[in-house]
Amino acid sequence: MKGHPAVTQLRTAIAVIASAALLLLAGCSGDAAPGAAGSEGQERAAPGEAGKSAPGGGSAYDGNSGAAPMAPQGGAAPESGLRADGDAGVDSRALRPYDDNLSTFGLDVDTASYDYARRVLSDGSLPDPAQVRPEEFINAFAQDYPQPTGDGIGVHTDGFRLPAWGGPKVDNGGIVATDTRLLRVGLQTRAERYGTRPNAHLTFVVDVSGSMREPGRLDLVQDALHTLIDQLRPSDAVAIVAYSTHARVIQEMTPVWERADLHQAVDQLAPEDSTNLEAGLVAGYRVARDGFGEGVANRVILLSDGLANTGNVTHDGILAQVRESAGKDIALLCVGVGREYGDQLMEQLADNGEGFAVYVSQVEQARRLFVDRLPGTLSVRARDAKAQVAFNPENVAGYQLIGFENRAVADQDFRNDAVDGGEVGPGHSVTALYVVNLRPGAYGEVATATARWLSPRTGAADEARSVVSVADLDLPYAAASPRLRLDYVAATFAVCLRGAGYGVVGSGREYVYGCGGGVVYDRGDVEPDGALDGGGAGFDGRGDGLGDGGLGGEVPPGHPLPGPSVPELVSWQQLAAEADALAAATEDPDAATLAGLIRRAGELI
C-alpha cells in the first residue's frame, strides 16, 4: 500500500481529528454545561435581514441582528493558501473570523462517497482520497434532530469541548492549553405522513454498456427495478430508457397499473457496448418532459457506473444538453453501481441536476433505496436550500468547516435566490461539523447558524436560525449524545481516509492537525527543523501532518492569542471500539458496520 496518502499519514498512529479535532473517548475531562444546546435555541429569521458593513470592507458581526449577516460584494480576499469561503476549486482550510466570519454552503443529502468507500474497503482496498467527502459519511447515518412543525427546515445546534488528554501538556517550556470545540449544525425537514406523497412520474435511464456485465451492476439494477415496480402505486407512472453507444426508449411513460409491461421492459435490459451517458440523459429528459405530469413528482433516475467514454464525458457538457428540458421541475437522482465507479461525474451530475447521488453494491441496499428511501425524495420540502454560519470574532480565533468543498456558496450569494442551493425532501437531515478555536476568556455568543430556502409551492423565501453560545459548547465529549459522537467518529474516519491535514487558525497562528502524529505547534514559538517557516499551505513533507499556511497578520488590539494544543494519538482499534460502543448505545446496525470498516482500514494500512 505504499504511495497511498493515507498510508503516509497513518503509518504509526492516527491523531483522530475530524478536520482539526481529536476523538475524546469516554472519561475525557471537562466541566459539563447545565444542558446541551438544541433546537430550543432556534428562531425564525426575517428573510430580508442583512448584516452591517464593517469599515474597510468585510462584514461586521452584530450580536443583536436576526439572521446571519451577509458579506458585501468585493470584500478583501483572504491570504494566500486560504480559501475565500465559497470560492470553488480551492481547498477548504481554516479561517480567521477577522478575515472572513461567514461560512456558506448549499445543503447536500448525498451519501455516495460513504457507500462507495464501504464497497472498496469490503473488497480489500483503500478508497481514493479524492473520492472521500466527510459530509457524505455523516449523511449516511440516522440523526435524531427534532422535526420542525412546518414544511421548511429546522436548525439544531450543539457540540462539545475538546480538552487536552491526560491533564495539561508541557511543550517548549510552557503549559499547553486547549480551547477547541466541535460545533454541529443540524438541518432537518419534517417527515411525510404515510400515504401523503404525491403521485410520481419516474424515468429510469439505465446504463447497459459492456462494463455493466460485471455481477452487482445490471443484475442488481434489474432486481431493484422489479421490486420498485411492485411497490409503486397504480396511479404512478414509469418510463425506461437504456443507453450504450446510443440511447433507445424501452418503455414510454406507462401507468404502474400496467405492471406486466413494465416488468417485461426491465427484463429486456442487457449489456451492450460503449457508454454514451450524454445520449442516455438527453433521451431520458425528453421522455420525462413528454410524460411530464402537473402536480406530480417528476424525476429522472440515472443508474450507472458513471464510466462515460463516448460523447460528452463531463458533467457540464452533459447537463448543458438537458438543462432547458430539466429546469427546476425534473430533478435528477444518480444511483451508482459497480466496483469501478465514476464517482466525480455522478456526484457533479446530481449536485448540478437538482438532485442527489447514492451508491449501492448489494441487493439489500438497492431494495432499501428504492422501497424505503426513494418515496421520501419524490416531494420537496425546501428548494435551493443554503446554510450560513456567522462566527463572532470577539470570541472565535478560528474555525474550520469539515467537508462541503463541492457545495461552497459565495457569502454574498446566501440571499441571492438565483444561485442554486440544494433540494431537501421530507424527513431528510443535513449535518455540518465545525472545529472552532475559542479565544481565552470567551464568553457569550459564538455563532449564528441560519438556513434559507424557497418554498416549492409558492417560491417564497424563508429562513430559520439558531444562536450558539460558549456555554452551548461546554459539554464534555463523554456526556454528548451518542448521535453527535457518531457523527464525529464518521467524520474523523473520513478525514483520516483522505489523509488530509486541516487547521484552525488563530490570530497570526495556525493549528494544523494531521491524521498521523499531528502535533499542533504554536507558530510564533516553535519552528522545529524549520517546518513552520512560512511555506505554502498543507503538509511540510515529513508525513506527520504538520504544515504552515504561511499565515501572518497582526493581532487586533485587546485580543490575546489562543494557546497551542497537542492532540493525542489514537489507534484504529480505539476508534473502532468507540464506534462499537455507539452502536450499542444507539442500537444502530449501521454504526456496527462503521466499526468494521474502521478495523478493515487499519488492517489495510
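Residues numbered from 1 in each chain as written. Predicted model: local features only at pLDDT ≥ 70, side-chain atom pairs only at ≥ 80, totals over all residues. Heavy atoms only, no water.

1. With respect to the confidence of the model for the protein chain
Phase 1 of the analysis: Averaged over all residues, the pLDDT of the protein chain is 73; the fraction at 70 or higher stands at 68%.
Phase 2 of the analysis: Low confidence marks residues 46-93, where pLDDT is under 50. Its contacts with residues over four positions away, or in another chain, come to 108 contacts. (pLDDT = per-residue confidence, 0-100. Contact = heavy atoms within 4.5 Å.)

2. Concerning the sheet that holds strand β14 (residues 356-359)
Phase 1 of the analysis: Strand order in the open sheet formed by 6 strands is β11-β10-β9-β12-β13-β14, with mixed pairing between adjacent strands. Strand pairing shows two members of the sheet lacking a second neighbour, β11 (247-255) and β14, which therefore form its edges. Each strand of the sheet is rotated relative to its neighbour by a mean of 15°, with strand direction disregarded.
Phase 2 of the analysis: As paired strands, strand β9 (residues 200-207) and strand β10 (residues 237-243) are joined by 7 bridges and run parallel to one another. Its bridge partner lying in β10, V206 is registered against A242.
Phase 3 of the analysis: Across the sheet, helix α6 (residues 277-290) lies against β9, β10, β11, β12 (297-304) and β13 (330-336), angled at about 25° from β11, the strand it touches most.
Phase 4 of the analysis: Relative to the sheet, helix α9 (residues 363-373) contacts β9, β12, β13 and β14, its axis offset from that of β14 by approximately 145°. (Pairing = 2+ DSSP bridges. Helix = DSSP H or I, 4+ residues; strand = E, 2+ residues; numbered from the N terminus. Axes fitted to C-alpha atoms, helices over the stretch in contact; angles between N-to-C directions.)

3. So, the packing of helix α11 (residues 572-586) against helix α12 (residues 589-604)
How two helices pack is summed up by the angle between their axes together with the distance between the axes.
Phase 1 of the analysis: Put simply, α11 and α12 touch, their axes get as near as 8 Å, and they point 170° apart. With respect to each other, α11 and α12 are oriented roughly antiparallel. Where α11 approaches α12, its residues W572, L575, A576, A577, A579, D580, L582, A583 and T586 are matched on the opposing element by A591, A592, L594, A595, I598, R599, A601 and G602. (Parallel < 35°, antiparallel > 145°, perpendicular 65-115°, else oblique.)

4. Digging into the nonpolar core
Phase 1 of the analysis: Judged by nonpolar contacts, the single largest core of 71 residues is most densely connected at F204, V206, F370 and Y434.
Phase 2 of the analysis: With 7 residues, the top contributor of residues to this core is helix α4 (residues 218-231).
Phase 3 of the analysis: Core analysis: the second largest hydrophobic core is formed by 40 residues, Y488, A491, A591 and A595 among them. (Core = buried A, V, L, I, M, F, W, Y, C linked by side-chain atoms within 4.5 Å. Buried < 20%, exposed > 50% of the residue type's maximum accessible area, 1.4 Å probe, protein only.)

5. What about the pattern of salt bridges?
Phase 1 of the analysis: The tally for this structure, following the rule as stated, stands at 28 salt bridges.
Phase 2 of the analysis: Residue R119 pairs with D123 through a salt bridge whose shortest N-O separation is 2.8 Å.
Phase 3 of the analysis: Judged by relative accessible area, which is 11%, R119 ranks as buried.
Phase 4 of the analysis: You can call D123 partly exposed: its relative accessible area is 38%.
Phase 5 of the analysis: Ionic pairing is found between R599 and D580, a salt bridge with its closest N-O pair at 2.5 Å. On the criterion of sequence distance, the pair formed by R599 in helix α12 and D580 in helix α11 is long-range, its members being 19 residues apart.
Phase 6 of the analysis: Of the residues examined, D580 reaches a relative accessible area of 30% and is grouped as partly exposed.
Phase 7 of the analysis: Residues participating in the shared-partner salt-bridge network are R119, D123, E214, R217, D305 and R339. (Salt bridge = Lys/Arg side-chain N within 4 Å of Asp/Glu carboxyl O.)

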